[in-house]
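# What the coordinates show
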Amino acid sequence: MRYVEALKIAIRSILSNKMRSFLTMLGIIIGVTAVIALVSIGQGSTRSVTSQIQSMGSNLIMVNVMGRGGESSLTYDQAIVLKDSNFIAAISPVISTSVTAMYGNNSVDNTTVNGVNGDYQSIRDIQVAAGRFILPMDDEGRNRVAVLGSNVARELFGFTDPIGKTIKLNGQNFTVVGILSQKGSSIAGSDDDSIFIPLKTMFYFAKNRDIRQIYIEATSPDTVELAKNEINSKLLTIFKGDTNAFRIIDQSQILSTVNSVTATLSLLLGGIAGISLLVGGIGIMNIMLVSVTERTREIGIRKALGAKKKDILLQFIIESLTLSGLGGIVGIIVGYVLSMVLGSAMNINAKPSLSTVLISFSFSVIVGLFFGVYPANKAANLNPIEALRYE
Amino acid sequence: MDNILIKIRNLTKIYKMGENEVRALDGINLDIEKGEFVSIVGQSGSGKTTLMNIIGCLDVKTSGEYFLNGIDTSKLSDNQLADLRCSEIGFVFQNFNLLQKMTALENVELPMIYKGVPTKERRQRAQMLLEMVGLKERMHHRPNELSGGQQQRVAIARALANNPHLILADEPTGNLDSKSGSEIMKIIKELNERGNTVVLITHDPNIAAQAKRIVRIKDGRILENEVVTP
Ligand SMILES: Nc1ncnc2c1ncn2[C@@H]1O[C@H](COP(=O)(O)OP(=O)(O)O)[C@@H](O)[C@H]1O
Ligand SMILES: [Mg+2]
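Here's a quick rundown of the structure. (Residues numbered from 1 in each chain as written. Chains lettered and ligands numbered in written order. Predicted model: local features only at pLDDT ≥ 70, side-chain atom pairs only at ≥ 80, totals over all residues. Heavy atoms only, no water.)

### Side note on the overall build of chain A
Scanning chain A from terminus to terminus reveals 13 helices and ten strands. A compact globule built from 391 residues would reach a C-alpha radius of gyration of about 21 Å, whereas chain A, at 33 Å, exceeds it by more than 25%. Dimensions of chain A along its principal axes, counting C-alpha atoms only, are 105 × 50 × 30 Å. Per-residue burial over chain A gives 48% buried out of 391 residues. A separation of at least 24 residues holds for 80% of the contacts in chain A among residues at least 6 apart in sequence. (Helix = DSSP H or I, 4+ residues; strand = E, 2+ residues; numbered from the N terminus. Rg over C-alpha atoms; globule rule 2.2 N^0.38 Å. Buried < 20%, exposed > 50% of the residue type's maximum accessible area, 1.4 Å probe, protein only. Contact = heavy atoms within 4.5 Å.)

This is how it looks when you write it as structure tokens:
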């Protein structure tokens, strides 16, 4: 018998029991929907996290100093000489402290103030919404100027233009010279709630010159590794060979760490969804077994009229393949819509990739095949006499 | 020799039910020539259906020999037996055995699907056969929209689909009133007149008498082989 005939019989049988067919397909529909939605959202968040990390600044290297014995930090001079290298484009030591910021009657408690130099803007790709960022001359002149994160600016000034206004940080006057663009929350941290002042101004403001954090920009992606090695050997000399006294991290390290976490997570989500697809397959097997029993007499008649084992096998396998295939197609549509809706709610691009769609569809068909073989085989092996006697 | 369609020697069929054995057929010897019209009569439980199932290659014997058209059926594979059923044998059952979800036309097409007859040819032949049994107007009806006699006529048309040599009818009038019954018998006789070999199973002596030869069977054995004189 040709495949076309088997397909016609399958479609007729599926249509003749619409409700049951739909419920059978539901398992596959839910499975495929879950696979597509979860994998797409997983991939979407990975992409979004990756771009967030990349937005921290390109060719970024971060140095954290923990210190060794009495020497728990670097001096400014020790830090800034790291720049004497062919591989380093910019460097900014950072000192942070927490303050209460006030403008008029408005105040913001526990705001982070970072003392940075003029290089910091290019290292971190900082976008300024109004005014300007800290300049080298601010640092050299120990100017009492401040650049506000977008949230801080809004809370202190509301609709007033902050540029040129004087604010008080822990009671000391600073002139606002710039406002940062809104960055939104990000796993890479956000500057929206921070204030920036010149590093050398910070020395006096916080009465602290201990450098524990340095941001460095390598000259190119190819020199990141070279720069790291050079920094490493210089710091090892300072800390007398203690590798635990400092930590050097670059962006690709963060990326690969985060990527391996999200990849594991996507796999886990996909796996859970895959299990629901498997359960859908068992549903198909269950219904096919019922169908074989119900149609025992039909099978007997077909065999009496000359149907071979493989004809009956084909008929039932095509029926379960049609069920799972249709379920797969509906699942793709629902999964696609669900991914787009959830993606836009989560503010990520969760458009399912072609490979996700193809893989989950083929998986649903394979499930239909796998769970259809046993019932079909049972039908094909029915004894025609017993099948004809079946009431 | 060439003229023998069915040759049965010492055929037995034993059903094992746990410890018990049922000898449904117990040493059957039977020859049926091409073009014959034989009826097999006997009481209920005498083994008629069992014999028909074996002749029809639906069931296998326990021992003995069965040659169909010179072919030793015990040497055939499942697939070859299916091919035989498909092309050489047409079944007519007491309870019609039509597929309920299909129209009369589709039921008649079924054996031709398994034989691989192209769609158009299949349809034309099924229409022709239904016309022949007088169901031209009922072609697109389903079995539950047809009377018993009409259903049996569909079954006969289906049995003829692949133009088989042998028509096996197991109590074809058993579920019908006497009027439809005699209509069916008329069609069956016409088939024989046109050259089909017909084996008709019945427990009704009046029906049996319409055949050209009567084989009486009791407890799985053949009692007598009687030629009906018209
Ligand atoms: N599948 C079976 N299993 C066990 N016994 C059977 C089976 N089929 C038929 N028999 C027995 O074989 C005998 C002959 O049955 P059957 O050929 O159906 O008789 P008939 O058609 O003449 O009424 C009966 O005793 C019946 O009970
Ligand atoms: Mg019987």
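### Topic: the packing of helix α9 (residues 251-294) of chain A against helix α11 (residues 309-345) of chain A
Residue and element names in this part refer to chain A. In the contact formed by α9 and α11, the axes pass within 11 Å of each other and the chain directions differ by 140 degrees. Our classification of the angle between α9 and α11 gives oblique. Relative to α11, α9 is oriented so that their crossing is right-handed. Contacts between α9 and α11 involve I284, M288, S291 and V292 from the former and F316, E319, S320, L323 and S324 from the latter. Of the residues contributing to the contact of α9 with α11, the split by class is five nonpolar, three polar and one charged. (Axes fitted to C-alpha atoms, helices over the stretch in contact; angles between N-to-C directions. Parallel < 35°, antiparallel > 145°, perpendicular 65-115°, else oblique. Left-handed = near helix turned anticlockwise from the far one by under 90°. Nonpolar A, V, L, I, M, F, W, Y, C, P; charged D, E, K, R; others polar.)

### Looking at the nonpolar core
By size, the foremost hydrophobic cluster in this structure holds 63 residues, and its most contacted members are I6, I8, L51, Y66, L68 and L166 of chain B. Considering each element in turn, this core owes the most residues, six residues, to helix α12 (residues 354-380) of chain A. In contact with L166 of chain B, not counting residues within four places along its chain, are L5, I6, I55, L68, E88, I89, G90, T197 and V199 of chain B. Counting residues in each nonpolar core, the second largest holds 44 residues, with V65, A79, I88 and I91 of chain A among its members. (Core = buried A, V, L, I, M, F, W, Y, C linked by side-chain atoms within 4.5 Å.)

### Looking at the packing of aromatic side chains
The way to describe two aromatic rings as a pair is by their centre distance and the angle between their planes. Residues and elements named next belong to chain A. The tally for this structure, following the rule as stated, stands at ten aromatic pairs over all chains. Ring centres 6.2 Å apart and planes at 15 degrees place the aromatic pair Y120 and F133 in the stacked group. Here F133 lies in the loop between β4 (128-131) and α5 (136-140) and Y120 lies in helix α4 (residues 120-123), a separation of 13 residues in the sequence. Of the two residues examined, Y120 and F133, each falls in the buried class. (Phe/Tyr/Trp six-rings, centres within 6.5 Å; stacked < 30°, edge-to-face > 60°.)

### Looking at the environment of D193 of chain A
All names here are of chain A. Assignment of secondary structure puts D193 in the loop between β7 (172-180) and β8 (194-198). When the C-alpha atoms of D193 and E225 are compared, they prove to be 32 Å apart, with 32 residues separating the residues in sequence. Each residue touching D193, except ones within four places of it in the same chain, is listed here: T111, T112, N151 and V152. Looking at D193, its side chain comes within polar contact range of the side chain of N151, at 3.1 Å. (Polar contact = N/O pair within 3.5 Å; in protein donor to acceptor, adjacent residues only side chain to side chain.)

### Focus: the interface of chain A and chain B
Every contact between the two is made by 21 residues of chain A and, on the other side, 27 residues of chain B. Each partner contributes to the roughly 2,200 Å² buried at the junction of chain A and chain B, and carbon and sulfur atoms together form 55% of this total. At the junction of chain A and chain B, the tally comes to four salt bridges. The residue R122 of chain B makes a salt bridge to E5 of chain A at a minimum N-O spacing of 3.0 Å. Along the contact surface separating chain A from chain B lie seven residue pairs in polar contact (both at pLDDT 80 or more). Elements that contribute at least two residues to the side of chain A that touches chain B include exactly α1 (3-15), α10 (296-304), α11 and α13 (384-389) of chain A. With six residues, α10 of chain A is the largest single contributor of residues to the side of chain A that touches chain B. (Buried area = accessible area lost by both parts, 1.4 Å probe. Salt bridge = Lys/Arg side-chain N within 4 Å of Asp/Glu carboxyl O.)

### Let's talk about the site of ligand 1
Taken together, the neighbourhood of ligand 1 is formed by 13 residues, with G45, G47, K48, T49 and T50 of chain B sitting nearest. Surrounding ligand 1 are residues belonging to chains A and B, so the site spans chains. At 2.9 Å from an oxygen atom of ligand 1 is found a main-chain nitrogen or oxygen belonging to K48 of chain B. The separation between an oxygen atom of ligand 1 and a polar side-chain atom of T49 of chain B is 2.6 Å. For ligand 1, whose unbound accessible area comes to 560 Å², protein coverage reaches 73%. Listing elements by their share of the shell around ligand 1, those giving two or more residues are β1 (4-17), β2 (20-33) and α1 (48-55) of chain B. When residues in the shell around ligand 1 are grouped by element, the largest group, three residues, is from α1 of chain B. Residue composition of the shell around ligand 1, grouped by class: four nonpolar, seven polar and two charged. (Near = heavy atom within 4 Å. Areas by Shrake-Rupley, 256 points an atom, 1.4 Å probe, with all protein chains shown as cover.)

### Focus: α1 of chain B
Extensive coverage of α1 of chain B is indicated by the burial of seven of its eight residues. Positive backbone phi, at 60 degrees, marks C57 of chain B, one or two positions downstream of α1 of chain B.

### Quick notes on the packing of α9 of chain A against α12 of chain A
All names here are of chain A. Here α9 crosses α12 at 30 degrees, and the two axes come no closer than 9 Å. In terms of axis orientation, α9 runs roughly parallel to α12. As for the relative orientation of α9 and α12, their crossing is right-handed in sense. Across the interface between the two elements, G274, L277, L278, G281, I282, M285, M288, L289 and V292 of α9 pack against S360, F363, S364, V367, F371, Y374, P375, K378 and A379 of α12. Among the residues making up the contact of α9 with α12, the classes are represented as 13 nonpolar, four polar and one charged.

### Let's talk about the side chain of E171 of chain B
Residue and element names in this part refer to chain B. If you trace the backbone, E171 turns up in the loop between β7 (166-170) and α6 (178-193). Here E171 sits buried without a salt bridge, and the closest side chain of opposite charge, K48, lies 4.1 Å off (N-O distance). Not counting the four nearest positions on each side in its chain, E171 is found in contact with K48, Q94, I201, T202 and H203. (Lys, Arg positive; Asp, Glu negative; His and termini not counted.)

### Brief notes about the pattern of salt bridges
Scanning all chains against the criterion turns up 27 salt bridges over all chains. Here K308 of chain A ties to D83 of chain B by a salt bridge, and the two come within 2.6 Å at their closest N and O atoms. Remark: D83 of chain B occurs in helix α2 (residues 78-88) and K308 of chain A occurs in the loop between α10 and α11; the pair is interchain, linking two chains. Here K308 of chain A falls in the buried class, since its relative accessible area comes to 14%. Counted as one network, the salt bridges with shared partners bring together E5 and K8 of chain A together with E109, R122 and R123 of chain B.

So, to be careful, I would describe these as geometric facts and stop short of saying anything about function.
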